[in-house]
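Per-entry structural report
Chain residues, written in single-letter form:
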Amino acid sequence: MSDGNFNRALLPQTPYASGLKMGRAMATKKAEEAFVAWLRAEEPQLTDESIKEKLLAFRELMKC
């Protein structure tokens, strides 16, 4: 009786999953960079500390 891994070992390897993860990571990074750039342009009086706090809140919203 097979444990399920036998058939997977015979299939050709595809880079789809790793490419999808990489694309998501790149999109998330670009979104964070754009958010920080927008914050700096719209609210120039914000300190680096408050920008970090807002970025953490933005990351939490992106997890949904």
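Remember, predicted model here, so these are calculated numbers, not experimental data.

1. What about the confidence of the model for the chain?
On average, the chain scores 88 in pLDDT, and the residues at 70 or more come to 84%. Mean pLDDT across the elements of the chain ranges from a minimum in helix H1 (residues 5-10), with 67, to a maximum in helix H3 (residues 48-62), with 96.

2. Overview of helix H2 (residues 16-42)
What sets the pattern is the α-helix's 3.6 residues per turn: residues three or four places apart point alike. Helix length check: H2, at 27 residues, gives a terminal C-alpha distance of 38 Å against a target of 39 Å (1.5 Å per residue), a fit within 8%. Within the sequence span of H2, burial applies to Glu32, Phe35, Val36 and Leu39. Those residues of H2 that are buried lie in contact with H3.

3. Some details on the nonpolar core
Core analysis: the biggest nonpolar cluster contains six residues, these being Phe35, Val36, Leu39, Ile51, Leu55 and Phe58. Elements supplying a minimum of two residues to this core: H2 and H3. Beyond its immediate chain neighbours, meaning those up to four positions away, Leu39 contacts Pro44, Leu46, Ile51 and Lys54.

Cut-off values and rules
Residues numbered from 1 in each chain as written. Predicted model: local features only at pLDDT ≥ 70, side-chain atom pairs only at ≥ 80, totals over all residues. Heavy atoms only, no water. pLDDT = per-residue confidence, 0-100. Helix = DSSP H or I, 4+ residues; strand = E, 2+ residues; numbered from the N terminus. Expected span 1.5 Å × (residues − 1). Buried < 20%, exposed > 50% of the residue type's maximum accessible area, 1.4 Å probe, protein only. Contact = heavy atoms within 4.5 Å. Core = buried A, V, L, I, M, F, W, Y, C linked by side-chain atoms within 4.5 Å.

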